[in-house]
Amino acid sequence: MICHTLPADAFGDHFELSALPLPRPADGYAVQRLDTDTLLDRASGRFLPVRNPELQALFTSFAAAHAAATAWVLANCANPVEHQLAIVPAGFDPVLQRHVLIYGVLCGQP
């Protein structure tokens, strides 16, 4: 059977940005590859480093980020359960002109 969707918590528990006690404000949701500083680019569908000037990583909703992460996993992972992705709050620093990982690089294993 071909899987066309992943569970709601496949990339972490659903959260609302406004409900999080963040050290700095978030501008949106992003899909992060665990153990890296890369985010899923909305335009290309590739993972790019946060310092890449072409990166467009912010999604306006958790659902939109989940849909993009699901599409990437289904297209790129032989075993979707082992995707190593998380939906995270992220920002954009207008001075540095780059995305900001508010929680930093998340680890795949504790």
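The preceding data block contains the structure.
First, a word on what this report is: a plain description of the structure on this page. (Residues numbered from 1 in each chain as written. Predicted model: local features only at pLDDT ≥ 70, side-chain atom pairs only at ≥ 80, totals over all residues. Heavy atoms only, no water.)

1. With respect to the pairing of strand 1 (residues 28-33)
- Within strand 1, five of the six residues are buried, which leaves the element mostly enclosed by the surrounding structure.
- Bridge count for strand 1 against strand 4 (residues 85-93) is six bridges, and the pairing is antiparallel. Within strand 4, the residue paired with R33 across the bridge is L85. (Buried < 20%, exposed > 50% of the residue type's maximum accessible area, 1.4 Å probe, protein only. Helix = DSSP H or I, 4+ residues; strand = E, 2+ residues; numbered from the N terminus. Pairing = 2+ DSSP bridges.)

2. Side note on the pattern of salt bridges
- This structure, assessed with the given rule, holds two salt bridges.
- Ionic pairing is found between R51 and D37, a salt bridge with its closest N-O pair at 3.7 Å. With R51 in the loop between strand 3 (47-49) and helix 1 (62-76) and D37 in the loop between strand 1 and strand 2 (38-40), the pair connects residues that are 14 residues apart, well separated along the chain.
- Looking at R51, the relative accessible area reads 56%, which means it is exposed. (Salt bridge = Lys/Arg side-chain N within 4 Å of Asp/Glu carboxyl O.)

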